[in-house]
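# Architecture at a glance
Single-letter residue listing:
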2 protein chains.
Amino acid sequence: MRRRVKVLVPLHVTAMWLPVYTDNPLTTGSIGVGVLLKPGAVVEVEAGSGGRGPIPHISAVLKRLGLSASVRFSAPVPLGAGYGLSAAYTLGAALGASALAGRPLIEAAQTAHVVEVEMGTGLGDVIAEFYGGGIEVRVKPGAPGVGVVDKVPHPRRLAALTHVFRREDTSSMLVRLRDALRERGAKLVEKFLEQPTYDSFLELSAEFSRVMGFLTPEVEGRIRRCKKQMHGYYAKKGVLVVLLDVNEVEEVEECLMREGVEVKSFGLSHVGAVVLRE
Amino acid sequence: MRRRVKVLVPLHVTAMWLPVYTDNPLTTGSIGVGVLLKPGAVVEVEAGSGGRGPIPHISAVLKRLGLSASVRFSAPVPLGAGYGLSAAYTLGAALGASALAGRPLIEAAQTAHVVEVEMGTGLGDVIAEFYGGGIEVRVKPGAPGVGVVDKVPHPRRLAALTHVFRREDTSSMLVRLRDALRERGAKLVEKFLEQPTYDSFLELSAEFSRVMGFLTPEVEGRIRRCKKQMHGYYAKKGVLVVLLDVNEVEEVEECLMREGVEVKSFGLSHVGAVVLRE
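Residues numbered from 1 in each chain as written. Chains lettered and ligands numbered in written order. Predicted model: local features only at pLDDT ≥ 70, side-chain atom pairs only at ≥ 80, totals over all residues. Heavy atoms only, no water.

Worth spelling out the cut-off: UniProt positions are given in the numbering used here, feature names are shortened, and annotations may be inferred rather than shown by experiment.
Under an unreviewed UniProt entry, the name given to chain A is Pantoate kinase, and the source organism is Pyrobaculum calidifontis. One UniProt comment on chain A, placed under Function (unreviewed entry), says "Phosphorylates (R)-pantoate to form (R)-4-phosphopantoate in the CoA biosynthesis pathway."

### As for the UniProt feature "domain: GHMP kinase N-terminal" (unreviewed entry) in chain A
The condition is simple: We count a stretch as a helix when DSSP gives it H or I for four or more residues in a row; a strand needs E for two or more, and each element gets its number in order from the N terminus.
Listed under "domain: GHMP kinase N-terminal" (unreviewed entry) in the UniProt record, and renumbered for this structure, are residues 60-133 of chain A. Split by type, residues 60-133 of chain A is 59% helix and 8% strand. Its first and last C-alpha atoms lie 28 Å apart.

### Some thoughts on the domain arrangement of chain A
Residues and elements named next belong to chain A. The line we're drawing: A domain assignment, automatic or from a database, supplies the domain bounds used here. In what follows, a contact means two residues having at least one pair of non-hydrogen atoms within 4.5 Å. Once two parts are put together, the accessible area they lose, assessed with a 1.4 Å probe and summed over both, is termed the buried area. Throughout this description, the term salt bridge denotes a Lys or Arg side-chain nitrogen within 4 Å of a carboxyl oxygen of Asp or Glu. Definition of a polar contact: a pair of N or O atoms within 3.5 Å, with one able to donate and the other able to accept a hydrogen when the atoms are protein atoms, and with sequence-neighbouring residues admitted only if both atoms are side-chain atoms.
Taken domain by domain, chain A holds domain 1 (4-152 + 270-277) and domain 2 (158-266). Its C-alpha centre places domain 1 at a distance of 22 Å from the equivalent point of domain 2. Contacts between the two partners involve 32 residues from domain 1 and, on the opposite side, 34 residues from domain 2. Between domain 1 and domain 2 the total buried area reaches about 2,700 Å² when both faces are included, carbon and sulfur atoms providing 74% of it. Summed over the shared surface of domain 1 and domain 2, the result is 0 salt bridges. Connecting domain 1 to domain 2 are 4 residue pairs in polar contact (both at pLDDT 80 or more).

### A few points about the packing of aromatic side chains
Put simply, the test is: Between 30 and 60 degrees the pair is tilted, below 30 it is stacked and above 60 it is edge-to-face, where a pair is any two Phe, Tyr or Trp rings, Trp via its six-membered ring, whose centres lie within 6.5 Å. Here the term buried applies to any residue with accessible area under 20% of the maximum for its type, exposed to any over 50%, and partly exposed to those in between, with areas from a 1.4 Å probe on protein chains only.
Enumeration according to the criterion identifies 17 aromatic pairs over all chains in this entry. With centroids separated by 5.5 Å and ring planes inclined at 35°, the aromatic side chains of Y131 of chain A and Y131 of chain B adopt a geometry described as tilted. Of this pair, Y131 of chain A sits in helix 4 (residues 125-131) while Y131 of chain B sits in helix 4 (residues 125-131), on two different chains. Each member of the pair, Y131 of chain A as well as Y131 of chain B, is classed as buried.

### Quick word on the state of the cysteines
Residue and element names in this part refer to chain A. We count it as follows: Count a disulfide wherever a pair of cysteine sulfur atoms falls within 2.5 Å.
Following the criterion strictly, the structure yields 2 disulfides over all chains and no others. Residue pairing for C226: its cysteine sulfur links by disulfide to C255, the two sulfurs lying 2.2 Å apart. Its torsion about the S-S bond being -85°, the disulfide of C226 and C255 is classed as left-handed. With C226 in the loop between helix 7 (217-223) and strand 8 (232-236) and C255 in helix 8 (residues 249-258), this pair connects stretches of sequence that are 29 residues apart. With respect to burial, C226 and C255 carry one shared label: buried.

### Some thoughts on the interface of chain B and chain A
This is how it is decided: All residues other than Ala, Val, Leu, Ile, Met, Phe, Trp, Tyr, Cys, Pro, Asp, Glu, Lys and Arg, Gly among them, are scored as polar; the first ten of these are nonpolar and the last four charged. Think of it this way: DSSP has to see at least two bridges between two strands before they count as a pair.
Listed by partner, the interface residues are 33 residues for chain B and 33 residues for chain A. For the pair chain B and chain A, the summed buried surface comes to about 3,000 Å²; carbon and sulfur atoms form 59% of the total. On the surface where chain B and chain A come into contact, there are 2 salt bridges. Linking chain B to chain A there are 10 residue pairs in polar contact (both at pLDDT 80 or more). Of the residues belonging to the side of chain B that touches chain A, the class tally is 18 nonpolar, 7 polar and 8 charged. Strand direction decides the pairing type here: strand 6 (residues 154-155) of chain A and strand 11 (residues 274-277) of chain B, joined by 2 bridges, are parallel. Bridging across to strand 11 of chain B, H154 of chain A finds its partner in L276 of chain B.

### Quick look at unusual backbone geometry
Residue and element names in this part refer to chain A. At the junction of K38 and P39, the peptide bond is cis and its omega measures out at 0° in the coordinates. Along the chain, P39 falls in strand 2 (residues 29-47). In the Ramachandran plot, K237 falls in the positive-phi region, its phi being about 50° despite a non-glycine side chain. Here K237 is to be found in the loop between strand 8 and strand 9 (239-245).

### A closer look at the pattern of salt bridges
Residues and elements named next belong to chain A. Per the counting criterion, the structure on display carries 19 salt bridges over all chains. We note a salt bridge from R4 to E46, for which the minimum N-O separation is 3.8 Å. A residue pair is termed long-range when its members are at least 10 positions apart, and R4 in strand 1 (residues 4-20) and E46 in strand 2 qualify at 42 residues. Assessed through its relative accessible area of 38%, E46 is described here as partly exposed. The residue E44 makes a salt bridge to R72 at a minimum N-O spacing of 3.3 Å. You can see E44 sitting in strand 2 and its partner R72 sitting in strand 3 (residues 69-74), a full 28 residues away along the chain. The structure contains a network of salt bridges with shared partners spanning R4, E44, E46 and R72.

### Examining the relation of the copies chain B and chain A
Stated precisely, the cut-off is as follows: Residues reaching a pLDDT of at least 70 in both copies supply the C-alpha atoms on which the copies are superposed by least squares.
Rotating chain B by 180° about the axis while translating it 0.0 Å along that axis superimposes it on chain A, leaving an RMSD of 0.0 Å. Such a combination of turn and shift is consistent with a two-fold rotation axis. For chain B, the smallest separation between a C-alpha atom and the rotation axis is recorded for V271 of chain B, amounting to 2.5 Å. When the interface residues of chain B are mapped onto chain A, 100% of them again lie at the interface, so the same face is used by both copies.

### Observations regarding the environment of L37 of chain B
Residues and elements named next belong to chain B. As for its placement among the helices and strands, L37 is situated in strand 2 (residues 29-47). Judged by its relative accessible area of 0%, L37 falls in the buried class. In sequence terms L37 and D125 are 88 residues apart; their C-alpha atoms lie 12 Å from each other. For L37, the residues in contact, after removing those within four places along its chain, are P10, L11, V13, Y83, A160, T162, F266, G267, L268 and S269.

### Digging into the side chain of E116 of chain A
All names here are of chain A. Test applied: By the counting rule applied here, Lys and Arg register as positive and Asp and Glu as negative, while His and the ends of each chain are not counted.
With respect to the element layout, E116 can be found in helix 3 (residues 105-119). Buried within the structure, E116 lacks any salt-bridge partner; its nearest side chain of opposite charge belongs to K236, at an N-O separation of 8.7 Å. A polar atom in the side chain of E116 sits 2.6 Å from the side chain of S86.

### Focus on the packing of helix 1 (residues 57-65) of chain A against helix 3 of chain A
All names here are of chain A. We count it as follows: Between the N-to-C directions of two axes lies an angle of 0 to 180 degrees, each axis being a line fitted to C-alpha atoms and, for a helix, fitted only over the stretch in contact. Roughly parallel covers angles under 35 degrees, roughly antiparallel covers those over 145, roughly perpendicular covers 65 to 115, and oblique covers all other angles. Crossing handedness is defined as follows: a turn of the near helix away from the far one that is anticlockwise and smaller than a right angle gives a left-handed crossing, while the clockwise case is right-handed.
Here helix 1 crosses helix 3 at 130°, and the two axes come no closer than 10 Å. What the angle tells us is that helix 1 and helix 3 run oblique. When the axes of helix 1 and helix 3 are compared, the crossing they make is right-handed. Counted together, H57, A60, V61, R64 and L65 of helix 1 and A108, T111, A112, V114, V115, E116, E118 and M119 of helix 3 form the full contact between these two elements.

This is the structure we're talking about:
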């Protein structure tokens, strides 16, 4: 294998989740549901020293793996908004360095999960981004190979528009929401798992977003005029996600633009993280 | 959800495997490695009675799920050659019927695995086809959600050509090969798992195929003149799989045709089974 690889990692915007903490970071994680988006993060990894990046996770994950590598990153979205981007960068760096060393990807993915848990920046993003699956359901919490991911059937030509309206640090958010997640959040997740269909996903995700204070009347008010062609929408931290038919993307984009809501358009990623030899 | 779905399921040609039998079909399976191919099986499922198909697995899986559905199938390859097609049909029928009923896909996939194990037609195809992953590695045996799948990084523009040269019933094959799999096969699988790279995949898969008697001097002799542009090849039951750069497909196809070896061309499927609402 050549000494350079490119790793493509989908983004992940959780719609509903219930944190599950154990005394082991491999079994710590979340159950819930989220949407995987493409294009996602691109992580280029070259053998050799380096390991710096926009987040401390990168050096942490390479150190844990006992590997050195130089890592470059890019993504169409900002860090800290709610796209699971720190997980995507951490996972990409771990997979790329392990691939160059001829080591198993699943161990790399587990190490990325452990780093995310220890840094308090994510509980379910790594397993979702490793496996892919469009609208994914974490039915058992934990790292890849420990947790279990299912997927929700959805309409054929589904697209997503996203809008960033706020940023918030994940670890402080998790503390702030602890009680709401454990009580009202848990009930919504359980209700979804009883009937994991697209329609119940749309309904319960919006409700979850409102309960957690992500989806405010202000945000809903701003998109009100463009709602007709949307299947539904939800928000996670500072990201609004609108689901709609791919044929309606252009019209809804224009409508939202008129309302001053700037959006990016994505496809759903059924593919998990992929390592490509250059 | 409308009363009709289409399920796309990749094909799976195992390259190396070690059967693992337990007293529970959910934990029975195989460890090993195989290639996922697209285009694969298309399974159309409509609510209502029916459930007949080209294989008894369909009625078995619907009965186990307590669902009725009418099921139509197609695939670019024949049953019984080594493409994991009975698993693809069983999995597709289970996923489609469950999606129509609003039930979890992972339970449907587990039921398909159980039916394949009980009918003796496959041990690792269902989990590989449910998750996808290009070149997949079953690192822990069992049904989806029980077993664990990893993936092998491979060159960017990889394609596969296949040639069917024989058919053999899977259950009688498994009996015939029992000792060879347990002894020489197990060593090759272990060696691969120690260093799961593309190069070792190519080398060890060919060796495994020769040890099991799939890759005969006769078959190797027939493709000898076209070997230069191949990355490598292996055989499973009656299917020969050639891996090569997508740019070389046309030339190698022509070369093989001149030797009287008829081939079909495929891409690698990084996507697992997908349920599409019509």
